[in-house]
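These are the residues of each chain, in order.
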Amino acid sequence: MPVPMPMERKQASYSNLDERYGIQGEKYQGQQYSHIYFTRLHHMRNLLHALVPSWKPQLPVTTVLGLEEGKDCIIVGTLYKHMKLKPSILDEYSKERSAIPLVKPHNFMHPDDHLVLEDESGRVTLAGAIPPAAFVTGVVVALHGKETSAGNFLVEDVLEAGLPPQTALSCADEDKYVVFVSGLSVGSGTFNPLQFQLLIDHITGHLGDENEQTIASNIVRVVVAGNSVHIAPRFVNGQTVASKDQSRIAEPIKELDIMLTQLVASLPVDIMPGCQDPANFSLPQQPLHRCLFSGASTYNTFSSCSNPHQFELDSVQFLGTSGQNIDDLYKYSDAKDKLEFMERTLRWRHLAPTAPNSLGCYPYTDKDPFLIESCPHAYFVGNQDKYETRLLEGPEKQKVRLICIPRFSESGIAVMLNLRNLECSTLSFSTSFDA
Amino acid sequence: MASSGMKDFYRQKKKGGVTKASSSSKKKTQQYTGGASVGAPDTAQTSALVSHGSWDLKDDFGDQEEQLRQFDMDTKFGPCIGVSRLQRWERASAMGLQPPAHLRDLLLRIPSTKNRSDSTPSVECLWEGKV
């Protein structure tokens with residue numbers, strides 16, 4: 001029997017760019033969210049003002065306060081979407097029986113929704129060529145139009161900031177893969193330990209023939225994009241946990257740690273927190289504490305990262321979240337698929353425009369960390385219903401691979417991205433015989 | 001049972017000035033030094049109008065405080081509440097909004113809380129503690 005040649009796993013140079021999502025240096029002094037909107041508007045207005053001369057050079061740029069009836073002009077401001085179905089905490093205290101129509105199962109949209117544009121000087125209701133369904137609160141745009149006699153602003157054209165500039169991709173000549181997995185939900189009823197073990201064994205090269213192992217050896221990194229554990233709701237309802245249950249809460253994390261330890265022993269792993277993980281609720285979610293992973297954290301290949309997570313692998317720029325930003329857009333706006341929501345966030349140059357309005361967010365005073373300053377090459381979103389991917393091409397030759405990562409515990413699918421050509425494929429595992 | 005627990009939980013604020021509604025009529029007459037009359041019962045307004053136990057009706061701030069208040073109220077430099085005046089100045093400067101340079105010197109010269117007289121300007125914005 002011939003002795004098989006030893007295979008060596010490929011390496012890729014990695015740099016973590018999560019610094020902007022840290023909140024360690026921040027000090028809460030009772031500030032509210034107005035500062036975020038101010039910094040966002042300031043930053044985006046500078047961008048949009050620079051684009052206006054090439055868009056409509058003949059038109060004057062004014063503010064909401066400076067509008068004159070019937071005069072064509074351009075205004076820049078933050079959109080606010082007035083939604084009658086949007087849940088409000090005040091409804092609970094309303095004395096009158098509400099006559100609000102029922103909410104659709106997934107979405108708070110209603111045909112009466114309308115948009116309002118605001119800047120420091122005032123706000124104006126919008127009408128005309130701006131579909132409320134495609135926008136959400138918090139997006140900054142430039143609008144061409146004129147004020148009507150009713151005091152509304154009749155929009156003729158909309159200018160979004162567009163895809164940010166992108167760094168050139170250096171040509172690589174060998175295949176290197178990054179594996180994305182999300183929604184492991186260890187500890188939930190849908191989690192299948194065998195399925196996850198198969199994924200681990202495949203990635204670490206313990207499965208398949210030589211051909212398959214060669215592919216596995218090209219995997220340079222695994223990214224776990226949120227919701228890795230599922231903690232039973234009865235433990236997180238605010239009640240004191242009985243002492244006999246205290247060890248049970250930690251069980252899913254311990255199990256995850258055992259699994260991750262197998263992975264980090266063989267290749268680098270990034271783990272991001274998600275909305276169900278034991279991390280802070282508001283974005284940016286801070287890295288899961290290393291003490292949760294007593295086994296995996298002993299390896300230097302293990303890195304606990306923030307959500308959103310931004311990094312660079314062999315000059316390929318990655319940006320991704322565990323899904324909260326896109327899920328929130330899905331609640332408050334409409335698109336043909338999740339990839340379109342992702343595309344919009346890139347064109348708006350903002351990762352989570354609905355934060356802080358309907359998405360939890362830290363009250364920054366001097367910056368808005370979710371502004372996208374440079375275009376990533378790969379943009380991923382975790383915990384989605386199904387796998388979707390598309391290559392988005394921008395007007396300045398930007399190329400972005402958009403990836404929706406499905407929940408692994410439900411689909412058994414992990415996503416594999418080739419760094420050489422940004423091609424995307426799935427790794428699918430099934431443990432039932434009839435499939 | 002619940003109400004007595006509440007009293008312990010929330011610190012009772014009313015130390016000086018107005019204490020109780022029963023005795024307030026007597027005290028009111030003593031405290032009216034200015035001629036201005038306030039329509040609403042004073043319990044609702046104490047924190048805004050009474051500082052250090054006396055009516056805050058005259059402008060007891062200096063020229064520097066006046067300049068800083070004008071800076072607070074300038075919407076160009078963004079919201080003022082929740083950040084200190086110096087932080088707001090630094091933010092405006094970092095954003096390229098060119099806030100008045102002499103205000104920074106002024107803010108840096110404000111003495112620490114210990115040896116302050118009433119006329120020294122505040123490090124916090126106009127609304128701090130009032131809304």
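Residues numbered from 1 in each chain as written. Chains lettered and ligands numbered in written order. Predicted model: local features only at pLDDT ≥ 70, side-chain atom pairs only at ≥ 80, totals over all residues.

Draft legend 1. View of the overall build of chain A. Counting its regular elements, chain A contains seven helices and 18 strands. For chain A, the C-alpha radius of gyration of 24 Å lies close to 22 Å, the compact-globule estimate for 435 residues. With respect to the principal axes defined by its C-alpha atoms, chain A has extents near 90 × 55 × 50 Å. Of all 435 residues assigned to chain A, the portion counted as buried reaches 39%. Intrachain contacts of chain A at a sequence separation of at least 6 include 73% that bridge at least 24 residues. (Helix = DSSP H or I, 4+ residues; strand = E, 2+ residues; numbered from the N terminus. Rg over C-alpha atoms; globule rule 2.2 N^0.38 Å. Buried ≥ 20, exposed ≤ 12 C-beta atoms within 10 Å, placed from the backbone. Contact = placed C-beta atoms within 7 Å.)

Draft legend 2. A look at the packing of helix H2 (residues 193-203) of chain A against helix H4 (residues 243-264) of chain A. Residues and elements named next belong to chain A. Between H2 and H4, the shortest axis-to-axis distance is 9 Å and the interhelical angle comes to 15°. Considering their axes alone, H2 and H4 lie roughly parallel with respect to each other. For H2 against H4, the interelement crossing comes out left-handed. Residues Phe 196, Ile 200 and Ile 203 of H2 form the contact with H4, whose own contacting residues are Met 259, Gln 262 and Leu 263. Per-class residue counts for the contact of H2 with H4 are five nonpolar, one polar and no charged. (Axes fitted to C-alpha atoms, helices over the stretch in contact; angles between N-to-C directions. Parallel < 35°, antiparallel > 145°, perpendicular 65-115°, else oblique. Left-handed = near helix turned anticlockwise from the far one by under 90°. Nonpolar A, V, L, I, M, F, W, Y, C, P; charged D, E, K, R; others polar.)

Draft legend 3. Examining the interface of chain B and chain A more closely. With eight residues of chain B at the contact, the number on the chain A side is 11 residues. The residue inventory of the side of chain B that touches chain A, partitioned by class, reads three nonpolar, four polar and one charged.

Draft legend 4. Region of the structure containing the sheet that holds strand E10 (residues 269-272) of chain A. All names here are of chain A. The six strands lie next to each other as E11-E10-E9-E8-E17-E18, forming an open sheet whose pairing is mixed. Pairing within the sheet leaves two strands with one partner each, and these edge strands are strand E11 (302-304) and strand E18 (424-428). Neighbour-to-neighbour, the strand axes of this sheet turn through a mean angle of 20°, independent of strand direction. (Pairing = 2+ DSSP bridges.)

Draft legend 5. Main features of the environment of Ile 231 of chain A. Residue and element names in this part refer to chain A. Considering the arrangement of structural elements, one finds Ile 231 in the loop between strand E9 (219-225) and H4. In this structure the C-alpha to C-alpha distance between Ile 231 and Gln 213, which are 18 residues apart in sequence, comes to 35 Å. If we skip the residues at most four places from it in the chain, Ile 231 touches Gly 187, Val 236, Ile 249 and Pro 252.

Draft legend 6. The arrangement of the sheet that holds strand E14 (residues 378-384) of chain A in detail. Residue and element names in this part refer to chain A. Strand order in the open sheet made by the six strands is E1-E12-E13-E14-E16-E15, with mixed pairing throughout. In this open sheet, the two strands that pair with only one neighbour each are strand E1 (14-16) and strand E15 (388-393). Going across the sheet, the axis of each strand differs from the next one's by a mean of 20°, ignoring polarity. By the bridge criterion, five bridges tie strand E12 (residues 309-313) to strand E13 (residues 316-321) in an arrangement that is antiparallel. Residue pairing in the sheet places Phe 311 in a bridge with Phe 318 of E13. Contacts between helix H6 (residues 338-347) and the sheet are confined to E14, E15 and strand E16 (399-406), with E16 contributing the most and set at about 135° to the helix.

Draft legend 7. Looking closely at the domain arrangement of chain A. All names here are of chain A. Annotation of chain A at the domain level lists domain 1 (14-25 + 166-234 + 247-428) and domain 2 (34-159). Just the C-alpha atoms count here: the centres of domain 1 and domain 2 sit 32 Å apart. Residue composition of the side of domain 1 that touches domain 2, by class: nine nonpolar, five polar and six charged. (Domains from an automatic or database assignment.)

Draft legend 8. A look at the pairing of E15 of chain A. All names here are of chain A. With six bridges connecting them, E15 and E16 associate as antiparallel partners. When the bridges of E16 are listed, Leu 391 appears paired with Arg 401. Connecting the antiparallel pair E15 and E16 is a turn made up of five residues, with Lys 397 showing a positive phi of about 65°.

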